Structures are given as structure tokens and as C-alpha cells.
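So the chains spell out like this:
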Amino acid sequence: MDHKEQLAEIRREIDGLDEQMLQLFCRRMQLSDTVAEIKSKGNFALVDEARENAVVAAAMEKADAATKGEAAVFMRSLMGLSKSRQRKHLYGSARTVETLLPSPRKPAEGDVRVAFQGVPGAWAEIASLKLFPQAEITAQENWEDVFIAVKDKKAHYGVVPVENSQSGAIGEVYDLLRKYGCYIVGQTWVPVRHCLMAAPGARLEDIREVFSHPEGFKQCAKFLRGRGWDLTGCRNTAVAARKVAEKKENRYAAIGSERAAQLNGLVVLSDDIISDETNKTRFIVIADAPEYDETADTVSVIFRTAHRSGALVDVLFPLLSENVNVTRLESRPIADGKYCFFTDIEGNMKDERISAALLQAASCCGFLEVLGCYRH
């Protein structure tokens, strides 16, 4: 028997075992439904952690040495699916979609006002112009000021960064989303293309000190390596450009966007100096109410789990069972060693499959909030 025939024979045996296990699995889920009914009538807790640990320990004891770990995962997965079904019976109607995300409003029209953090020439301004080319765009001192402008209705929308392809999530912005109760209503990616800019007449050999945001220095590390320049951090790259323009001396330069150079009357000494050409930053549009329609394809969620083994898996199981694709999952510390999770999923809150999965996931959490539904 050759290898191909051996493989086919083994697969036939696996198919037979899978069929037997599927029948047993369906019977186990039926029993879980009965357990849910008994728990409901007897007012029993959904989770019995002591029993779960005992079941896993027994499975590991019975498994051979080579599969103890897999046996534990298998049993945890079975119990996770079982609890997910039980939650549908116990809490299925306890919450509505509107408790996760209010009904959407129509987008702003006419004289739209948009707030961003920084000064003209900042990457956030570039993102704002890309998203709202006809809007009145105003600069704010910091990210929190952008949220305040939106909540106080001084701006219809705010544009803030949430993620860089190199450095990851910007957790402070997610914290502000929760603090001010704003919603994500749109997004865009802006390629980061830094240049070195200086006063007219300056040459590369004249430079002694360079201004930029600390992240700008990191992103241009290859270009800066070995040059011996003093690096001075600024609030953002556009502020760095303004500092160089104010100094009017050939010894100073800044790292930032070409737009910042143009706005401040500077010349570009070296363009596209970033180390990674794929570097880009994700900006989101925030509003004080949700805005989405049938074209939205992304839902952003924040949730917190119990501090116990398998708690995160419990939250994700309803998404898995509905075949919902999770495109991003990041954790952020909140207090006392506890963490919350930010996740993006493919889908639309108007889709019953998505809303049902999130309602079930919410029943597994200390809290779960939908931050927005929008087009990716």
C-alpha cells in the first residue's frame, strides 16, 4: 500500500469517528438544553467552576501522556459551547440590540464641522481632509479636546488615530471613547511618508538638531542612524515643523509630512525617509451618536471578562458558532491586574446573525459595549 492509499484509509477511519462524535455531540447539546431548563427553574448559577475544573482534570487523567493538553482544550471547548447554548435559554431575551448600539441617525449635512488633534500639517489633519474634503476642519490641543468638541456639539465629527501598523493600538483613544460615550462612524488608513524639512537655503550638512514626535524618530530610525544629530521630541510632527519655521536657522530640521513643510514655508531636504514603506496609521471618525446603514461591514466592540481560565473563550464562542470573523483582538489593562478587550468583527448590526452573536457574547461578560458599526 502506497502513502496515498494509506492516507485515504486513515481519512475514512477519521470520517467514521467524526460521525460518531457528531452524534454524541448533538446528544450532549440536547442534554445541555435540559440542564438550562433545570437551572432556570431552580435558580442555579450558569457557571459551576468547580465542576468544570473537575471535568477537565478527569479528562487529563484518562488521556494518554501525549494528548493530555489537547484533551483539556477539547473538554473546555465542549463546556464552552454548552454554556453558550444554556445562555440562549437563560438570557436570550434579557437584552435587545438597542441596549448594545442605539438606532442610527442620518449623517450630518451642509456645513459639516470636523475636529482633529494637532496643528495644520499633522497626519490627523491629512486624514480629516481625506475623509471630509469639503468640511470646516479645526485643530484641537489634544485628543480629549476632540472628544469634548464632539460631545459639546462644537463639531459634528472628530478624527483621531487608533492604530499604527508598526506600533499597534493607541489605548488612550479607546479609553476616551468609553469616557465620553462617543461612537465610531467611519475610518481611513493614512500612509505615513515622513520627510526631513528645513528652512529655505539649508543643506543636509548644516543640520545639527531635529524636531519630531518621538514616534517619528522611531519610524525614521534607519535614516537617522549614525548622523549624530540631537533629537528633540514634540507633541506632534506638525508642531515640529512650526518650531523649525519659527527658528529660521539652517541648523534645525523637522521630520513630518510634506504638507507640514508646505504650510510652514520649509523645503524638503530628504523625502520618504521612513524605515518601513508599509507604515500607515488608522484614523477613526467619532460622533455622539451611531451612523450606519446596510453598507457597513465592521463592528467594533469593547468587553471585559471574568478573571478565570476560559473566560475569554466563553465570550468568543457565540461569534464562532455564528461563523463571525474576528479581524482584530487586543487587550488593555484597566486596574488591579484586570484587562478589557477591543475587537473588530466583520458584519453589520442590522444582520440578525451578528446582533444575536453579540447579545450572547454580552451575557458572558462583566460588560460588553458596541463602539460603532461602520464601513471599513
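Calculation rules
Just so you know, the residues in each chain are numbered from 1, in the order the chain's sequence is written. It should be noted that, the model being predicted, local features are given only for residues of pLDDT at least 70 and side-chain atom pairs only at 80 or more, the latter also being counted only at that level, while totals for whole chains, interfaces and linings use all residues. Based on all heavy atoms of the structure, the side-chain values leave hydrogens and waters out of the count. Side-chain atoms within 4.5 Å are what join buried Ala, Val, Leu, Ile, Met, Phe, Trp, Tyr and Cys residues into a set we call a nonpolar core. Using a 1.4 Å probe on the protein chains alone, a residue whose accessible area is under 20% of its type maximum counts as buried, one over 50% counts as exposed, and one in between counts as partly exposed. Every helix listed is a DSSP run of H or I at least four residues long, and every strand listed is a run of E at least two residues long, numbered separately from the N terminus. Residues count as neighbours in contact if any of their non-hydrogen atoms are within 4.5 Å of one another. Patch membership requires more than 30% relative accessible area and the absence of a salt bridge. Residues of like charge join within 9 Å; the nonpolar side chains Val, Leu, Ile, Met, Phe, Trp and Tyr join within 5 Å. Computed with the Shrake-Rupley method and a 1.4 Å probe, the accessible areas treat only the protein chains shown as cover for residues. Definition used for salt bridges: Asp or Glu carboxyl oxygen within 4 Å of a side-chain nitrogen of Lys or Arg. Cavity: a set of points on a 1 Å grid over the protein atoms alone where a 1.4 Å probe fits but cannot get out. Pocket: an open set with protein on both sides within 12 Å along at least five of seven lines, its lining residues, like those of a cavity, having an atom within 4 Å of a point. Grid points are joined across faces, edges and corners, and a volume is the space filled by probe spheres set on the points. Charged means Asp, Glu, Lys or Arg here, nonpolar means Ala, Val, Leu, Ile, Met, Phe, Trp, Tyr, Cys or Pro, and polar covers whatever is left, Gly included. As a per-residue measure, pLDDT reflects the predictor's confidence and takes values from 0 up to 100. Each direction from the helix axis to a C-beta atom contributes to the arc, which is the arc of those directions. Contacts described as polar in this section are N or O atom pairs within 3.5 Å, which, within protein, must combine one atom able to donate a hydrogen with one able to accept it, while residues neighboring in sequence count only if both atoms come from side chains. In this scheme, strands are said to pair when DSSP sees at least two bridges between them.

Ranked by internal contacts, the top residues of the largest apolar core, which has 33 residues, are Val114, Phe132, Tyr157, Met197 and Phe283. Examining the composition of this core, we find that 5 residues originate from one element, helix α10 (residues 237-247), more than from any other. Apart from residues no more than four positions distant in its own chain, phenylalanine 132 is found in contact with Val114, Ile137, Tyr157, Val159 and Val285. One finds Leu319, Phe341, Met349 and Cys373 within the second-largest nonpolar core, a separate group that totals 25 residues.

Okay, the environment of phenylalanine 211 next. Along the chain, phenylalanine 211 falls in strand β7 (residues 209-212). Taking the relative accessible area as the measure of exposure, phenylalanine 211 reaches 5% and is therefore buried. As for phenylalanine 211 and phenylalanine 44, which are separated by 167 residues in sequence, their C-alpha atoms are 62 Å apart. Not counting residues up to four positions away in its chain, the partners in contact with phenylalanine 211 are Phe217, Thr232, Cys234, Ala240, Lys243, Val244, Lys247, Tyr252, Ala253, Ala254 and Ile255.

A contiguous nonpolar patch, built from Leu17, Met21 and Phe74 and spanning about 290 Å² of accessible area, is present on the exposed surface. As for its position among the elements, leucine 17 is in helix α1 (residues 3-42). Since its relative accessible area comes to 43%, leucine 17 is described here as partly exposed.

Reported here for the largest pocket is a volume of approximately 520 Å³. In terms of lining, the largest pocket is formed by 21 residues, of which the most central are Trp143, Pro161, Ile170, His213 and Glu215. Secondary-structure elements contributing two or more residues to the lining of the largest pocket are α5 (123-131), β3 (157-164), α8 (214-219) and β11 (280-287). Among the elements that make up the lining of the largest pocket, the one with the highest residue count is α8 (3 residues). In terms of residue class, the lining of the largest pocket is built from 8 nonpolar, 11 polar and 2 charged.

The next point concerns the confidence of the model for the protein chain. In this model, the protein chain carries a mean pLDDT of 89, and residues with pLDDT of at least 70 account for 97%. When pLDDT is averaged over each helix and strand of the protein chain, the minimum, 75, is found for strand β4 (residues 168-169) and the maximum, 97, for strand β6 (residues 195-198).

With that out of the way, let us pick up helix α6 (residues 143-151). Restricting attention to buried positions, one finds in α6 the residues Val146, Phe147, Ala149 and Val150. All buried residues of α6 fall inside an arc of 160° around its axis, so they share one side. As for α6, its buried residues are in contact with β1 (113-117), β2 (136-140), β3, α7 (171-180) and β11. Of the residues flanking the start of α6, the one acting as N-cap is asparagine 142, its side-chain oxygen 3.2 Å from the backbone nitrogen of glutamate 144. Lysine 153 lies just past α6 and shows a positive phi near 60°.

Before going further, it helps to spend a moment on empty space enclosed by the protein. Counted by the stated rule, this structure contains 2 cavities of 30 Å³ or more. Computed from the structure, the largest cavity encloses a volume of approximately 60 Å³. The wall of the largest cavity is formed by 10 residues, among which Glu52, Arg76, Lys83, Gly310 and Asp314 lie closest to the centre. Breaking the lining of the largest cavity down by element, the ones donating at least two residues are α3 (68-91) and α12 (311-321). Considering every element that reaches the lining of the largest cavity, the biggest residue donor is α3, with 4 residues. The class makeup of the residues in the lining of the largest cavity is 2 nonpolar, 3 polar and 5 charged. Estimated volume of the second largest cavity: approximately 30 Å³. Around the second largest cavity sit Val301, Phe303, Val315, Leu319, Thr343, Leu358, Ala361 and Leu368, which together line it. Looking at the lining of the second largest cavity, the elements with two or more residues in it are β12 (298-304), α12 and α13 (352-362). Grouping the constituent residues of the lining of the second largest cavity by class yields 7 nonpolar, 1 polar and no charged.

Glancing now at unusual backbone geometry. What you tend to see is this: most non-glycine residues have negative phi, and most peptide bonds are trans. Backbone geometry at lysine 248 places phi at a positive 55°, although glycine is not the residue there. By secondary structure assignment, the location of lysine 248 is in the loop between α10 and β9 (252-256). At aspartate 272, a residue that is not glycine, the phi angle is positive and equals roughly 50°.

The next thing to look at is the pairing of strand β15 (residues 367-374). The element β15 is largely enclosed, with a buried count of 7 among its 8 residues. Bridging between β12 and β15 involves 7 bridges; their strand directions are antiparallel. Bridged to valine 299 within β15 is cysteine 373.

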